Amino acid sequence: MRVVTFFLVGLAVHVVFFLSIFDIYFTSPLVHGMTPQTVSLAPPASRIVLLVADGLRADSLFSLLPNGSSRAPYLRSVMEDRGTWGVSHTHVPTESRPGHVALIAGFYEDVSAVAKGWKENPVEFDSVFNESRHTWSWGSPDILPMFAKGASGDHVYTHTYPAAEEDFASTDASRLDTWVFTQVKAFFQSARSNSSLKDILQEDQNVFFLHLLGIDTNGHAHRPQSREYQENIGLVDSGVEELVSVIEDFYHHDGRTAYVFTSDHGMTNWGSHGAGHASETLTPLVAWGAGVQVAQRPLEPQQYTDGYQQDWHLEKFRRVDVNQADIAPLMASLIGVPFPLNSVGMLPLLYLDNSGRFKAESMYTNAMQMLEQFKVKMAQRKETTLSFLFTPFQQLSETHQVELIRQIKILIQLEKYEDAITLCKSMITEALEGLVYYHTYDRFFLGCSVVLGFVGWTSYVVLLILKTHASLRRPPGLANMIPSQTLTRLCVCVTVVISVFLVIQKSPLTYYIYCLLPVPIWYSVFRESGTLMDLVRSAPSLPLWKCLGYFLLIAFGIELLVVSFFHRAMLTVGLAALSLWPILTGIYSQAKFRAVSWTLGCVCLSTFPLMPVVGREANVHFVTCAGVLTLFTSACYLWSARRRAPLHLGDKQQFYAQMLHVAVCAYVPTLTHSSLEQKQGLPLINQIISWTTLASSMVVPLLSSTRLFHRLLSVFLSLSATFLLLSTGSEALFPPMLSWLMFVWINMEQEAMQAQGTSSRQELSTMDFADNIDITRIRQLKLDDIRRSYFFVFFIITAFFGTGNIASINSFDPASVYCFLTVFNPFIMGGLMMWKVIIPFVIVMCTFETIQVTTQLSSRSLFLIVLVISDLMALHFFFLVQDYGSWLDIGTSISHYVIVMSMTIFLMLLSVATHILTSCRLTAWRRRKSHFP
């Protein structure tokens, strides 16, 4: 049980390391306890209408048609005549929830909160809706409820259509937008005969929110360049025109209504969003009505780096770009409600048509709202830090705050509004920098604690490998470098000091875990320090040049893997290097056919990282080709195995049934996509086949023969059938190519063992893994096992990124799951996409377990080396997170760290399960030996 205990402890340690990245970098940016700030002057508008066209790209709205006309003529006329326009720059992740939070609440939501769902608020936040007198909203059930729940009181009213209406296979997804416009018109029509509702609508500080999902749905289903997407923009444009007419008629053209039209995020050409491509982050913004500046001529040529300006033909009209969070204070200023308490947006004054005093007072209110957040955040940090250790944010000291406020008030009194606005902007910038400073105040301290624990754990595993497998001989009577009692006392003292320090600082519970975890880890390291000294003493007898060569190769290999997370093409370089392995080691001379197969397999697989990521080019013909290739390779495997060991009738029937199933699954995507293109929806029979295939893929391999080759082939066929259903293009060819290389790898490792004289070759089709390997044949680690472990990690990374599956999940292309469902359900769709990512991972895992069996090596020993390699990669990413300055780079490194840690945790769970299963089989084997000596 010592092995199980080790892996369970290691699992707990890695779970802490995994969760630490969220606690350090993904803590909520919200603070509470601020005083609401509002402009003292009368607002220019009594009500505001917010229209959000979900998934609308800036260039899709602003670009002209080939004949010179606009696909949105009404909004175009607003931009050219009576409104102000620009581009709203969104933040990663470009998803609906964080986009709407930025628009309506004015802050960029924490990524961990985004992952907690669309329908509820993980944290309470203030918003323009919350501050309004009344808010009426119409649209998607995925967006509206979260703003209703966050409102204080019951003044936010939501009207949503059923979730089942969000169907990507819909004959006309634009009907979602038609439903919204129809409901709003009916609402105002009913208000004419409802006196109480009419009185409420006549009040000031009212908000009307229209969430228009049709464009996003059509973009996902048909791509942004499609006729459906383009026509949906025209439908929205005409709907907006009609809506404005209805509202203006209801209020008798009183000139007190402001309008804001924008989008939460854009969309790539291949119909996805979530990442940071310009097509996803550049969204349109058009504002007009009460208090909004009419179209202005630019005083000088406008220079923008997005490259779209020439295509839009809007050079004659001033373009005013904003950050997405700036729209919330703009709406608050127009209707005179307090700025959202946690807003980090800066009021875009060029959108306001009002007096200089109003602009200066509004900007001053914006600055005070920012300063309130800064003060609360500073007070919280100061309260939980020892006074002599607290380092305040120097650029915005208390005296500087007082002086800035005094100067701004004087300038406003002297009617020097432009100077006052400049000072306000300066104070806002400094307050935002101060918020980031205090929000990340403990980041370096916690990061150092985690790194200390990480280095200690990796050192302990290395020492454990050396102690168990290096056959180091310790001279008699040699004790540990540090006496056990002294080491224990030292660790107890360090624990007490750290605990007292954290108690005084009123640190949260997680701080105790991160800071105290390194203590027992390093205690274990120092207890094994004698092993390191033994290695030093044994150095003269070791093949130092060979060891140094392996060390340099592994260091280079790990660096290549780290770089491949950022540049997928590095996997091609790695596979090209791996293809030379048989030639460099001499295996080619004794097994030419297998060596050539290995080289060809590496070369073919190396082409996939050079291809575009999944989802960019949908072509179901590749899926059919992949099905044919899968059947061909399976037939070759069966023919090859049949020559060495005949198949039983039951095995033949199962394999033939699985191959027939693969043929059916290769045809289903073609039938499904054809049906969707003809607007006939998802055929029920296709849906039944898909879900049945998914369920059976977990069970059918367990019914196959326990001989290694037969079980591997059954696993491959079952997983390939599911992968075909989840594919839309060339990625469907990846599993058969990967499986080919994995089968060759198993045979190559057998050749390598035979060349070293370690064991004789045994055919896979005759090996039965149900019979436990004789314990006397289990060997110790060799230097070549480091290579095997590295190959495993390399193929795991290749399985993840070979087709760009991770990028596909981040960008969320639902086309891959159309064989299973077409109604929008982010959790089921996300789960199916994740299973698609895991399928190649499982193929590599099964291969590695087979290699462990065929090379007579304890799975624990190989997994220890894998653990060291993956931990070194994770540590590398943790250092990159510390070094990067931009949030986009930090977020990328964090996502890679999470991937590596998830892989490590999964491997450790598998190691525990494998060891328990092996122990049970070993017990049964010993019992048989005792009965039959």
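Residues numbered from 1 in each chain as written. Predicted model: local features only at pLDDT ≥ 70, side-chain atom pairs only at ≥ 80, totals over all residues. Heavy atoms only, no water.

K.L.:
Can you break down the packing of helix H15 (residues 356-383) against helix H16 (residues 398-413) residue by residue, with the values?
P.N.:
Relative orientation of the contacting elements H15 and H16 amounts to 170 degrees, with a least axis distance of 11 Å. Classified by the interaxial angle, the pair formed by H15 and H16 is roughly antiparallel. Only Glu398, Gln401, Ile405, Ile408, Lys409 and Ile412 of H16 make contact with H15, whose side of the interface consists of Ala360, Glu361, Tyr364, Met368, Leu371, Phe374, Lys375 and Met378. A class-by-class count of the residues in the contact of H15 with H16 yields nine nonpolar, one polar and four charged. (Axes fitted to C-alpha atoms, helices over the stretch in contact; angles between N-to-C directions. Helix = DSSP H or I, 4+ residues; strand = E, 2+ residues; numbered from the N terminus. Parallel < 35°, antiparallel > 145°, perpendicular 65-115°, else oblique. Contact = heavy atoms within 4.5 Å. Nonpolar A, V, L, I, M, F, W, Y, C, P; charged D, E, K, R; others polar.)

K.L.:
Pulling in residues and values, what's your account of the environment of Phe168?
P.N.:
By secondary structure assignment, the location of Phe168 is in the loop between strand S4 (156-160) and helix H8 (175-193). As a C-alpha pair, Phe168 and Leu682 span 514 residues in sequence and 9.6 Å in three-dimensional space. When near neighbours in sequence (up to four residues on either side) are disregarded, Phe168 contacts Thr217, His220, Ala221, Pro814, Tyr818, Thr822, Phe824 and Met829.

K.L.:
Tell me what's going on with the environment of Leu423, and back it up with residues and numbers.
P.N.:
By the secondary structure assignment, Leu423 is in helix H17 (residues 417-439). When the C-alpha positions of Leu423 and Ala367 are compared, they lie 9.3 Å apart, and in sequence the two are 56 residues distant.

K.L.:
A description of the packing of aromatic side chains should follow, citing residues and the corresponding values.
P.N.:
For the structure shown, the criterion picks out 43 aromatic pairs. Aromatic side chains Trp457 and Tyr460 sit 6.2 Å apart centroid to centroid with 45 degrees between the ring planes, which places their arrangement in the tilted category. Residue Trp457 and its partner Tyr460 are located together in helix H18 (residues 443-469), separated by three residues, close to a single helical turn. One exposure class covers both Trp457 and Tyr460, and it is buried. (Phe/Tyr/Trp six-rings, centres within 6.5 Å; stacked < 30°, edge-to-face > 60°. Buried < 20%, exposed > 50% of the residue type's maximum accessible area, 1.4 Å probe, protein only.)

K.L.:
Provide a residue-level description of the state of the cysteines, including the pertinent values.
P.N.:
Going through the model one piece at a time under the given rule, you end up with zero disulfides. Free of any disulfide, Cys493 has its nearest neighbouring cysteine sulfur in Cys491, separated by 9.3 Å. Of the residues examined, Cys493 reaches a relative accessible area of 48% and is grouped as partly exposed. (Disulfide = S-S within 2.5 Å.)

K.L.:
Account for the confidence of the model for the protein, with residues named and values stated.
P.N.:
Confidence in the prediction for the protein averages 83 pLDDT; 85% of positions are at 70 or higher. Here helix H34 (residues 805-811) stands out as the least confident element of the protein, with mean pLDDT 47; strand S6 (residues 257-262) is the most confident, with 98. The model gives residues 772-776 a pLDDT under 50, and that stretch makes 11 contacts with residues more than four places away or in other chains. Residue range residues 884-888 is modelled with pLDDT below 50. Its contacts to residues more than four positions away, or to other chains, number 11 contacts. (pLDDT = per-residue confidence, 0-100.)

K.L.:
How would you explain the nonpolar core if you had to name every residue and give the values?
P.N.:
The tendency in soluble globular proteins is for nonpolar side chains to be buried side by side. Core analysis: the biggest nonpolar cluster contains 137 residues, and Phe17, Trp598, Trp745, Phe792 and Phe795 have the highest contact counts within it. Those residues in contact with Phe792, other than ones at most four positions away along the chain, are Trp745, Val844, Met845, Phe848, Val866 and Leu907. In terms of nonpolar packing, the next biggest core, distinct from the first, is built from 70 residues, Leu30, Val292, Val322 and Ala328 among them. (Core = buried A, V, L, I, M, F, W, Y, C linked by side-chain atoms within 4.5 Å.)

K.L.:
Any details on the pairing of strand S5 (residues 206-212)? Residues and values, ideally.
P.N.:
Extensive coverage of S5 is indicated by the burial of seven of its seven residues. Here seven bridges tie strand S1 (residues 47-53) to S5, and the two strands are oriented parallel to one another. Counted as the bridge partner of Leu50 is Phe209 from S5. Inspection of the sheet shows strand S3 (residues 134-139) paired to S5 by five bridges, in the parallel sense. Bridge pairing in S5 places His134 opposite Asn206. (Pairing = 2+ DSSP bridges.)

K.L.:
Outline the pattern of salt bridges, supporting the account with residue identities and numerical values.
P.N.:
A full pass over the atoms with the stated rule returns 19 salt bridges. Between Lys185 and Glu242 there is a salt bridge, with the nearest N and O atoms lying 2.9 Å from each other. One end of the pair, Lys185, is in helix H8; the other, Glu242, is in helix H11 (residues 227-250), with 57 residues separating them in the sequence. Overall, Lys185 belongs to the partly exposed group, its relative accessible area being 26%. Among the residues examined, Glu242 registers a relative accessible area of 41% and is labelled partly exposed. As a salt-bridge pair, Arg788 and Glu749 come within 2.7 Å of each other at their nearest N and O atoms. Placement of Arg788 in helix H33 (residues 783-801) and of Glu749 in helix H32 (residues 734-755) is noted, with a sequence separation of 39 residues between them. Taken as a pair, Arg788 and Glu749 share a single burial class, namely buried. What you see here is one network of salt bridges that share partners, running through Glu749, Asp784, Asp785, Arg787 and Arg788. (Salt bridge = Lys/Arg side-chain N within 4 Å of Asp/Glu carboxyl O.)

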